[in-house]
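Coordinate analysis (summary)
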Amino acid sequence: NELNYNSDSNLNKITLDFINTNNIEFNGDIINYVVDNIIVKKTNLKKRKVTIVNNPTYSCNNFLVNVKLDDNSLCEISLHDYLLSILFDKYSVNYNKELLKAICILYNTYAYRCMSIDKFVPSINYFNLYKPLNYYKDVYENYNDLVNLFDSIISEVDCMFMSYNNQLILPFIHYSNSGKTISNTKYPYLSSVSSLWDILAPTYLNTIEYSYNEFNKLLGINCSSKSSFTFINQNNTKKLKIDNKIFSLEELKNLLNIYSSEFNFIINRNNIIILIKGKGNGFGLSLFGGNAIANNGGNYNSILKYYFPKVKLLRYIKELS
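Residues numbered from 1 in each chain as written. Predicted model: local features only at pLDDT ≥ 70, side-chain atom pairs only at ≥ 80, totals over all residues. Heavy atoms only, no water.

**Notes on the environment of Lys 245**
Secondary-structure assignment places Lys 245 in strand β12 (residues 245-248). Classification of Lys 245 by relative accessible area gives partly exposed; the value is 38%. The sequence separation of Lys 245 and Ile 221 amounts to 24 residues, and the corresponding C-alpha distance is 8.0 Å. With residues up to four places along the chain from it excluded, the contact list for Lys 245 reads Leu 219, Ile 221 and Leu 240. (Helix = DSSP H or I, 4+ residues; strand = E, 2+ residues; numbered from the N terminus. Buried < 20%, exposed > 50% of the residue type's maximum accessible area, 1.4 Å probe, protein only. Contact = heavy atoms within 4.5 Å.)

**Overview of the packing of aromatic side chains**
Per the counting criterion, the structure on display carries 29 aromatic pairs. A ring pair is formed by Trp 197 and Tyr 306, whose centres lie 5.6 Å apart and whose planes are at 70°; its orientation type is edge-to-face. Placement of Trp 197 in the loop between β8 (173-174) and β9 (205-211) and of Tyr 306 in helix α9 (residues 300-307) is noted, with a sequence separation of 109 residues between them. In this structure Trp 197 comes out as partly exposed when scored by relative accessible area, which is 31%. The exposure class of Tyr 306 is partly exposed, given its relative accessible area of 32%. Connected via pairs of aromatic rings, a cluster forms that spans Tyr 107, Tyr 110, Tyr 126, Phe 127, Tyr 164, Phe 172, Tyr 187, Tyr 189 and Phe 283. Note that Lys 279 overlies the ring of Tyr 175, its terminal NZ or CZ placed 5.9 Å from the centroid. (Phe/Tyr/Trp six-rings, centres within 6.5 Å; stacked < 30°, edge-to-face > 60°. Lys NZ or Arg CZ within 6 Å of the ring centre and 35° of its normal.)

**A few points about the side chain of Ser 286**
With respect to the secondary-structure elements, Ser 286 resides in strand β15 (residues 285-286). A polar contact of 2.9 Å, which involves the side chain of Ser 286, links it to the backbone nitrogen of Gly 289. (Polar contact = N/O pair within 3.5 Å; in protein donor to acceptor, adjacent residues only side chain to side chain.)

**Here we look at the confidence of the model for the chain**
Per-residue pLDDT for the chain has a mean of 88; in total, 91% of the residues score no lower than 70. Counting contacts from residues 48-56, a segment whose pLDDT is below 50, to residues more than four positions away or on other chains yields 15 contacts. (pLDDT = per-residue confidence, 0-100.)

**So, the sheet that holds strand β5 (residues 121-122)**
As summarised here, the arrangement of the three strands in space is β4-β3-β5, forming an open sheet in which the pairing is mixed. At either margin of the open sheet sits one strand with a lone partner, and together these are β4 (74-78) and β5. (Pairing = 2+ DSSP bridges.)

Shown next as structure tokens:
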């Protein structure tokens, strides 16, 4: 692909970066590009109009992300623009700037991870829904002001990422929990930590009421007020057993429109009331709790260290490949 550039300036830039990064002593002008012992291209660096950069670094502006759209086509954008979209999606006027930096680092990590494994980031995934920036121009009247705010956030945490045992982690985020985050054996970097700030969240306790007809139709079962509801552990996973039918918590969340992993049931004669604590899966960073830490003087580092105590916060300082 590099050899097909219409202009030699891009190819010269890549070549000069390679020379500098590898400390090659080269003072000539002519560069031959050889494939299978055949010279396929020749450029003259003397004609260059590029700046030689020593020790080029990772940057959200020169790291490109392939976003896989729902029609399976790929849209190539800069990591900077991808992070802008994420911050618009997660933004609340009540969020402290330090919390937004923590969010930015987690999705920086996610982009690096996806590009290194799959070579693309899915636009619809478990962690966020990507939308182009033009969408947010219609959503936010203060779009330009927010872009300036987000630019400063992205710049401050540029190249930062989270790693556990030399593996890039997934960006687990939830709005609030029942007072404690949840660990998960599938993801050993997820820890259960106290988050008592979340008890004050407006989403701490909510209820959904279903008649037995509605409840049975949603779950495809036939239960009544005399049925047995029991939480069990199966293969190290918490599940709910209703009579003889077993459901995973994820199944119940989707079928019953529950937006938290912490819930219980009140079994009445004529209906079932679901008590829901928190909002989200309870994994990783609590947005409500992280915002409280920031408002009490904590920075993005202290927020991430608190909710991901096993994980290292690192920064790329080497050349992009």
